[in-house]
Amino acid sequence: MLPMLPFLKSPSNKPAVALMPAWHPSFRNTEHLPDTKAVRTAFFINGVAIIITVVIAFYLLSSELGLHDLRTQTAEVQAEIDKDKPGSDRAVVMFKKFQDEEKKLNELKDFQAAPVVGSDLLLQFGESLPPKVVLSSVSYRGPSIVLRGSIAGSRDEASGDASAYVIALGKFPAFAGKFESIELTGIAPDPATNRLVVEILLKFKNAKGAKK
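Chains are numbered independently. Their residues run from 1 in the order of the written sequence. Reporting of local features is limited, given that this is a predicted model, to residues whose pLDDT is at least 70; pairs of side-chain atoms are given and counted only at 80 or more, and all residues count toward the totals for whole chains, interfaces and linings. Hydrogens and water molecules were not included; the side-chain quantities draw on all heavy atoms of the structure.

*Asks:* Could you give an account of the overall build of the protein, with specific residues and numbers?
*Replies:* Strands are runs of DSSP state E lasting at least two residues, helices are runs of H or I lasting at least four, and both sets are numbered from the N terminus onward. A tally of helices and strands in the protein yields four helices and four strands. Along the protein, helices (α) and strands (β) appear in the sequence α-α-α-β-β-α-β-β when read from the amino end. Across the 212 residues of the protein, 16% fall into the buried class. Sequence-distant contacts, at least 24 apart, represent 54% of the contacts inside the protein between residues at least 6 apart. In these tables, accessible area is a Shrake-Rupley quantity obtained with a 1.4 Å probe, and a residue counts as shielded only by the protein chains included in the view. For the protein, the exposed surface amounts to about 17000 Å²; the carbon and sulfur share of it is 65%. Each residue is assigned to one of three classes by its accessible area relative to the maximum for its type, calculated with a 1.4 Å probe on protein chains only: buried under 20%, partly exposed between the two thresholds, exposed over 50%. Note on definitions: a residue-residue contact is assigned when non-hydrogen atoms from the two residues lie within 4.5 Å.

*Asks:* I'd like a description of the pattern of salt bridges, backed by residues and values.
*Replies:* By convention in these notes, a salt bridge is any Lys or Arg side-chain nitrogen within 4 Å of a carboxyl oxygen on Asp or Glu. Throughout the structure, instances matching the rule amount to seven salt bridges. Put simply, D100 and K96 hold a salt bridge, and the shortest N to O gap is 3.3 Å. Of this pair, D100 and K96 both sit in helix α2 (residues 36-112), separated by four residues, roughly a single helical turn. Residue classification places D100 among the partly exposed residues on the basis of a relative accessible area of 33%. For K132, the salt bridge goes to E157, with nearest N and O atoms at 2.5 Å. Remark: E157 occurs in helix α4 (residues 155-171) and K132 occurs in the loop between α3 (118-128) and β1 (133-140); sequence separation between them is 25 residues. Of the residues examined, E157 reaches a relative accessible area of 37% and is grouped as partly exposed. Connected via shared salt-bridge partners are K132, E157 and D161.

*Asks:* Just give me the short version of the side chain of S128, but keep the residues and values in it.
*Replies:* Note on placement: S128 falls in helix α3. A distance of 2.9 Å separates a polar atom in the side chain of S128 from the backbone oxygen of F125. In this structure, S128 is in contact with Y165, L169, F172 and F175, ignoring residues within four places of it in sequence. In the analysis that follows, any N or O atom pair within 3.5 Å is treated as a polar contact, provided that within protein one partner can donate a hydrogen and the other can accept it, and provided that, for residues neighboring in sequence, both atoms belong to side chains.

*Asks:* Now, about the sheet that holds strand β2 (residues 144-152): what can you tell me, with residues and values included?
*Replies:* Strand pairing within a sheet occurs via backbone hydrogen bonds; the two strands may be parallel or antiparallel. Paired strands are those between which DSSP finds at least two bridges. The strand order across the open sheet built from four strands is β1-β2-β4-β3, with neighbouring strands paired in antiparallel fashion. Only two strands of the sheet have a single neighbouring strand rather than two, namely β1 and β3 (179-190). Across the sheet, the mean angle from the axis of one strand to that of its neighbour is 20°, orientation sign disregarded. Across seven bridges, β1 lies against β2 in antiparallel orientation. Residue pairing across strands places Y140 opposite I145, the latter belonging to β2. For every element, the axis is a line fit to its C-alpha atoms; helices are fit only across the contacting stretch, and the angle between N-to-C directions ranges from 0 to 180 degrees. Across the sheet, α4 lies against β1, β2, β3 and β4 (195-204), angled at about 165° from β3, the strand it touches most.

*Asks:* Explain the nonpolar core to me, and be specific about the residues and the numbers.
*Replies:* Across soluble globular proteins, nonpolar side chains have a tendency to be buried as a group. With 20 residues, the main nonpolar core has F125, I145, L147, L169, I200 and L202 as its most contacted residues. Sorting the residues of this core by element identifies α3, β2, α4, β3 and β4 as the ones contributing at least two each. When near neighbours in sequence (up to four residues on either side) are disregarded, F125 contacts L135, V138, I145, L147, Y165, L169, F175 and L202. Definition of nonpolar core: a set of buried residues of the types Ala, Val, Leu, Ile, Met, Phe, Trp, Tyr and Cys, connected through side-chain atoms within 4.5 Å.

*Asks:* Any chance you could break down the pairing of β2 for me, citing the residues and the numbers?
*Replies:* Of all nine residues making up β2, seven are buried, and the element is well covered by its neighbours. Here β2 runs beside β4; their pairing, made up of nine bridges, is antiparallel. Opposite S150, over in β4, you have V197 as the bridge partner.

*Asks:* Describe the environment of L135, naming the residues involved and giving the relevant values.
*Replies:* Note on placement: L135 falls in strand β1. Residue classification places L135 among the partly exposed positions, given a relative accessible area of 25%. Among residues more than four places away in sequence, those in contact with L135 are F125, L129, L147, R148, G149 and Y165.

As structure tokens, this is what we get:
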């Protein structure tokens, strides 16, 4: 009698399923998913940070180079200024001397073009002076002459002498026909000398208004 074979049992699928790895991760279990988003974000953040750092470094380097060039140019310009300064100072001094000499030359031209000769005029004023009158200055101003002086005596007496001197100037032979008018333009007492300070203006006839 043949022995009876044991009943064959169908293999269970449960152990096979447990041993086989899943062909794709379970999206319902987030703990088993790879953190790909975090990796990409960190990469871009680091890349942007590196780019910003490079740009800032390039800007600072460019600014420093620009400042260096500016300092170099400033130093060169200052050196040129320092080099030319002595010559410029000498030129300023010479120009000032030239202006002074030009002023003297113009005054000489005006004096020579005057309707009177200066030396003769001073002599004539000296001859016309009364005993009490003292002249302190004679100024020629192109179309006119200004006399400044003082007169001794009391205020009333000195005022009378001043008016008489103005009249005498108009009648003095050397001045006949030269002046359009002779006026007493200023009169004031001088407490320091007890004299009366006077100013007399003499205007030439047909004067063309020469410079002072």
